Amino acid sequence: MKTPKISLLTHDIEGGTFTNLCTDLVRGFSELGVESQIVVLDATDAELACYPEYPIVKLNVKRTTFSVPATVRYLREYQPDVLLPMPWYFNVVGVLSRCLSGVKTKVILGEHNIISLEAEVEHRDKPHLRFLPVLMRYTYPHSDGLIGVCKDTITDLEETLKIEANIPKRVIFNPINLERIEPLSQEAIDHPWFQNKDLPIIVTAARLAKQKQIDCLLQAFAQIVKVTPARLVILGEGPLRGELESLCQELNITDSVWFPGFDPNPYRYMAASDVFVLASAWEGCPIALQEAMACGTASVVTDAPGGMKDIVEYGKYGVLVKAGDPDALATGILQLLTQPELKQHYREMAKVRSQDFHYLNASKQYLDFCQSVLASASENQEKQ
């Protein structure tokens, strides 16, 4: 079977999860001899200059809502064998655009989060996103396949959202670029906590939003510092920053918590910390956790819906605690802070586990699934 042309459809290349995901997959496809492109709504010349080695196509539109006509034009002009849209709202765009374009492109959806919770909690005040699951219910069955980044993402679609899509499905973890992370993790941090490290440091990297439950982490940290001195670094920005800073004051931990904001190189903080924590209420397949493990950091995560428990294999590669429970979270973190041998064990196991997430492994799995979808479609066409 010939090697397919694959296009990845997403919003931008400003950085963050989907920029890293798309570039890592395309890098892998290139090494496998696959022609591929990253298709984005728009990008500045400066952004394009950051990724000179990647084939990036701009649709020249500003909002996802208005992207269908431009995506239709792209599909008719380039006619990829497979379109991989991501995240969830682009799945709807991908299916609609393929139907309107009349091309034979196969649309393989990517599910990267627990959508029922994402819509109900994070997008409760955004009707155009909160009610997107209704559109998903009508469009997903017209796709050709679905890749979930963990088992729970697919279960959520089938059992909670009641999306009856009789299409091939596969679970593939998100990819990370180990070769890129390694040198970045060694870069210096211009902050006194890291230059003269006299106390253990806990790090998290997350959007400051309800999903990430930073408030639960702060409550746990307030308990931790009553047992042993420590510091907490919270990488990321988001709508709850003001509330979280106020909570630090209420808990009397302001002097021990630092909010650096978004940093394009979080790996140096991960590598220099004693513990990496994700206290999320739900996740898809959190790349931040995968990257922290690649930095050799011992991790504590919650058993919330999503891929965190799969990544650490229920405690084999990291400490797993009950979600939404500050007491349990504090106990898990204290285990690593007070037991050097246990922390070293999980540091070593994290490095081992991170090899499973190498981008080339993920790209091979994506390619295999794309080829199986195309082969099945070809067989069905021959029978007709």
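Residues numbered from 1 in each chain as written. Predicted model: local features only at pLDDT ≥ 70, side-chain atom pairs only at ≥ 80, totals over all residues. Heavy atoms only, no water.

Undergrad: In this structure, what is going on with the side chain of Ser67? I would like to understand it.
TA: Within the secondary structure, Ser67 is located in the loop between β3 (56-58) and α3 (68-78). In this structure, Ser67 is in contact with Leu41, Val61, Phe90 and Val93, ignoring residues within four places of it in sequence. (Helix = DSSP H or I, 4+ residues; strand = E, 2+ residues; numbered from the N terminus. Contact = heavy atoms within 4.5 Å.)

Undergrad: Any chance you could explain the side chain of Arg268 here in plain terms?
TA: Note on placement: Arg268 falls in helix α13 (residues 267-272). According to the relative accessible area criterion, Arg268 is buried, its value standing at 17%. Reaching out from Arg268, the side chain makes a polar contact with the side chain of Asp263 at a distance of 2.9 Å. (Buried < 20%, exposed > 50% of the residue type's maximum accessible area, 1.4 Å probe, protein only. Polar contact = N/O pair within 3.5 Å; in protein donor to acceptor, adjacent residues only side chain to side chain.)

Undergrad: Which parts of the structure should I look at to understand helix α12 (residues 241-251)?
TA: Turn by turn, an α-helix covers 3.6 residues, leaving residues three or four places apart pointing in a common direction. Here α12 has its buried residues at Leu244, Leu247 and Cys248. Along the axis of α12, the buried residues cluster in a sector spanning 105°; they form a single face. Exposed residues on α12 whose side chains face more than 90 degrees from its buried face are Glu243, Gln249 and Glu250. Buried positions along α12 lie against α11 (214-227) and β10 (257-261). Count one or two residues on from α12 and you reach Asn252, which has phi positive near 60°. (Arc of directions from axis to C-beta.)

Undergrad: Whenever I open this one, the sheet that holds strand β9 (residues 231-235) confuses me. Can you help?
TA: Note on sheets: strands pair through backbone hydrogen bonds, and any given pair is parallel or antiparallel. Across the sheet, which stays open at both edges, the 6 strands sit in the order β10-β9-β8-β11-β12-β13 with parallel pairing between neighbours. Looking at which strands have only one partner, the edges of the open sheet turn out to be β10 and β13 (319-321). Adjacent strand axes in the sheet meet at a mean angle of 20°, parallel and antiparallel pairs treated alike. Here strand β8 (residues 201-205) pairs with β9 via 5 bridges, running parallel. Within the sheet, the bridge partner assigned to Val203 lies in β9 and is Val233. Along the sheet, α11 contacts β8, β9, β10 and β11 (275-278); its crossing angle with β9, the most-contacted strand, is approximately 170°. The strands touched by helix α14 (residues 287-294) are β8, β11 and β12 (299-302); relative to β11, the strand with the most contacts, the crossing angle is about 170°. (Pairing = 2+ DSSP bridges. Axes fitted to C-alpha atoms, helices over the stretch in contact; angles between N-to-C directions.)

Undergrad: Whenever I open this one, the sheet that holds strand β4 (residues 82-85) confuses me. Can you help?
TA: Strand order in the open sheet formed by 7 strands is β3-β2-β1-β4-β5-β6-β7, and the pairing between neighbours is parallel. Where the open sheet ends on each side, the last strands, each with one partner, are β3 and β7 (169-171). Averaged over neighbouring strand pairs, the angle between their axes works out to 25° when direction is ignored. One ladder, built from 4 bridges, connects strand β1 (residues 6-10) with β4; its direction is parallel. Bridge pairing in β4 links Ser7 to Leu83. Here helix α4 (residues 88-101) sits on the sheet in contact with β1, β4 and β5 (106-111), set at roughly 170° to β5.

Undergrad: What am I meant to see in α14 here?
TA: For α14, the tally of buried residues reaches 8 of 8 residues, placing the bulk of the element in the interior. What α14 keeps buried is the set Ile287, Ala288, Leu289, Gln290, Glu291, Ala292, Met293 and Ala294. Among the residues trailing α14, Gly296 stands out with phi positive, at a value near 80°.

Undergrad: Honestly, a nonpolar patch on the surface in this entry has me stumped. Any pointers?
TA: There is a patch of nonpolar side chains on the surface, built from Phe131, Val134 and Tyr138 and spanning about 350 Å² of accessible area. Along the polypeptide, Tyr138 turns up in helix α7 (residues 132-139). (Patch = residues over 30% accessible without salt bridge, like charges linked within 9 Å, V, L, I, M, F, W, Y side chains within 5 Å. Areas by Shrake-Rupley, 256 points an atom, 1.4 Å probe, with all protein chains shown as cover. Salt bridge = Lys/Arg side-chain N within 4 Å of Asp/Glu carboxyl O.)

Undergrad: What am I meant to see in empty space enclosed by the protein here?
TA: Left-over empty space is what a probe sized like a water molecule reveals as it rolls over the atoms. Overall, the coordinates contain 1 cavity of 30 Å³ or more when judged by the stated rule. Its boundaries defined by the atoms lining it, the largest cavity holds a volume of some 50 Å³. With 3 residues, the single largest contributor to the lining of the largest cavity is helix α8 (residues 151-160). When the residues that make up the lining of the largest cavity are grouped by side-chain class, the tally is 6 nonpolar, no polar and 2 charged. (1 Å grid on protein atoms, 1.4 Å probe; cavity = no way out; pocket = protein on both sides within 12 Å on 5 of 7 lines; lining within 4 Å. Points joined across faces, edges and corners; volume = space filled by probe spheres on them. Nonpolar A, V, L, I, M, F, W, Y, C, P; charged D, E, K, R; others polar.)

Undergrad: Would you take a moment to explain the pattern of salt bridges for this structure?
TA: Two side chains that carry opposite charge are able to pair once their charged atoms sit near each other. Applying the stated criterion across every chain, the model contains 16 salt bridges. A salt bridge links Arg268 to Asp263; the nearest nitrogen and oxygen atoms lie 2.9 Å apart. Both residues of the pair, Arg268 and Asp263, belong to the buried class. Residues participating in the shared-partner salt-bridge network are Lys197, Asp274 and Lys343.

Undergrad: Hey, could you run me through the packing of aromatic side chains in this one?
TA: Each aromatic ring pair is characterised by the separation of its centres together with the angle its planes make. On inspection of all chains with the given rule, the structure shows 8 aromatic pairs. With centroids separated by 5.5 Å and ring planes inclined at 45°, the aromatic side chains of Tyr89 and Phe90 adopt a geometry described as tilted. In this structure Tyr89 comes out as partly exposed when scored by relative accessible area, which is 22%. Pairing Phe194 with Tyr269 gives two aromatic rings, centres 5.7 Å apart and planes at 80°, and the pair type is edge-to-face. Remark: Tyr269 occurs in helix α13 and Phe194 occurs in helix α10 (residues 192-195); sequence separation between them is 75 residues. You'll find Phe194 and Tyr269 in the same group, each marked buried. Above the ring of Tyr78, the side-chain terminus of Lys5 is found at 4.3 Å from the ring centroid. (Phe/Tyr/Trp six-rings, centres within 6.5 Å; stacked < 30°, edge-to-face > 60°. Lys NZ or Arg CZ within 6 Å of the ring centre and 35° of its normal.)

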